[in-house]
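A structural walkthrough
Next come the chains, spelled out residue by residue.
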Amino acid sequence: MARRVSEASAAGRRLSVVLSGGSTPKPLYELLAGSESPVRNWAPVDFFWGDERCVPPDHPESNYGMARRVLLDQIGIAPSRIHRMYGELAPQQAAQQYCGELRRCFGISENDMPRFDLVLLGLGADGHTASLFPGSRALEEQRRPVVAVYVEKLGSHRITLSLPAINNADCVVFLVTGEAKAEILRSVVDPADSEIQPPAALVRPSGRLIILTDRGAARLLKGGETNDPGR
């Protein structure tokens, strides 16, 4: 992220970054907002979100709320560069509003997908990413960059970027931690060796795909086991 922000600043252009919710990216946001942050100039960055719970922005479960408290309020980013999903609206209305926001920000037509520079994603134990859950009809969406979904297992409504919007990105980075994610991560990285194809395995961007893991999450990957404590 630091390299891309620096390059955008030097070129005098904007950088579109999609933030992930949940607990995994919180330490990253804290690092980026801290005194040792490798990013010194946030002016080129426009922040977007990959998904949002249908709750107000001050709700403890709000993805935007977490990012605002941990990162955005600390770096002094201009409000005009923050493009949040309005979780307090009715789900369909919120999805339509965000589609319009993306069209405005990227100067695209109704049938085009935005071209994000950097998308941060997490990985659920069931293989979901953003709010694209197994069996969801949202996985079939091909026209719209943002859709409203009802997650039956959680009994809650969500707003999420669609697969075409994610896969049109220049770079997608998964952040995956913990041994509990090892089995599902293997099915994402090596789908041919797995009996299931989780939603995260459908993330195949036209640009670069990077998966950042700790040793626990990577323990079942080919070549992932090592006796070297330095790896």
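Refer to the structure printed above.
Residues numbered from 1 in each chain as written. Predicted model: local features only at pLDDT ≥ 70, side-chain atom pairs only at ≥ 80, totals over all residues. Heavy atoms only, no water.

Inspection of helix H1 (residues 2-11) places Arg4, Val5 and Ala8 among the buried residues, and these make up the whole buried set. Viewed end-on, H1 has its buried residues packed into an arc of 100°, placing them on one side of the element. In the core, the buried residues of H1 are packed alongside strand E1 (15-19), strand E2 (45-49) and strand E7 (171-176). (Buried < 20%, exposed > 50% of the residue type's maximum accessible area, 1.4 Å probe, protein only. Helix = DSSP H or I, 4+ residues; strand = E, 2+ residues; numbered from the N terminus. Arc of directions from axis to C-beta. Contact = heavy atoms within 4.5 Å.)

The final tally for this structure, using the stated rule, is five aromatic pairs. Ring geometry for Phe48 and Phe106: centres 5.5 Å apart, planes at 40°, overall tilted. Placement of Phe48 in strand E2 and of Phe106 in helix H4 (residues 91-106) is noted, with a sequence separation of 58 residues between them. Given a relative accessible area of 2%, Phe48 falls into the buried group. A relative accessible area of 24% means that Phe106 is categorised as partly exposed. Above the ring of Tyr64, the side-chain terminus of Arg84 is found at 5.3 Å from the ring centroid. The lysine or arginine in question, Arg84, covers the ring of Tyr86, its NZ or CZ lying 4.0 Å from the ring centre. (Phe/Tyr/Trp six-rings, centres within 6.5 Å; stacked < 30°, edge-to-face > 60°. Lys NZ or Arg CZ within 6 Å of the ring centre and 35° of its normal.)

Now for the pairing of strand E6 (residues 156-161). Judged from the three bridges that link them, strand E3 (residues 51-53) and E6 form a sheet pairing that is antiparallel. Bridge assignment links Glu52 to a residue of E6, and that residue is Ile159. By the bridge criterion, six bridges tie strand E5 (residues 146-151) to E6 in an arrangement that is antiparallel. Each bridged residue has a counterpart across the sheet, and for Val151 the counterpart in E6 is Ser156. The loop that links E5 with its antiparallel partner E6 comprises four residues; one of these, Gly155, has a positive phi angle of about 65°. (Pairing = 2+ DSSP bridges.)

On to the sheet that holds strand E4 (residues 118-121). If you walk across this open sheet you meet the five strands as E2-E1-E4-E7-E8, and the pairing is parallel. Only two strands of the sheet have a single neighbouring strand rather than two, namely E2 and strand E8 (208-213). Averaged over all neighbouring strand pairs, the angle between strand axes comes to 20°, with direction disregarded. Bridge count for E1 against E4 is two bridges, and the pairing is parallel. Paired with Val18 across the two strands is Val119, which belongs to E4. Strand contacts of H4: E1 and E2, with the helix running at about 160° to E2, the strand carrying the most contacts. (Axes fitted to C-alpha atoms, helices over the stretch in contact; angles between N-to-C directions.)

All right, on to the pattern of salt bridges then. Tallying each qualifying case throughout the model produces 14 salt bridges. Residue Asp73 is joined to Arg68 by a salt bridge in which the shortest nitrogen-to-oxygen separation is 3.9 Å. On the basis of relative accessible area, Arg68 is assigned to the partly exposed category, the value being 23%. Arg104 is the partner of Glu101 in a salt bridge, and the nearest nitrogen-oxygen pair spans 2.9 Å. Highlighted residues: Glu101 and Arg104, both in helix H4, separated by three residues, approximately one helical turn. (Salt bridge = Lys/Arg side-chain N within 4 Å of Asp/Glu carboxyl O.)

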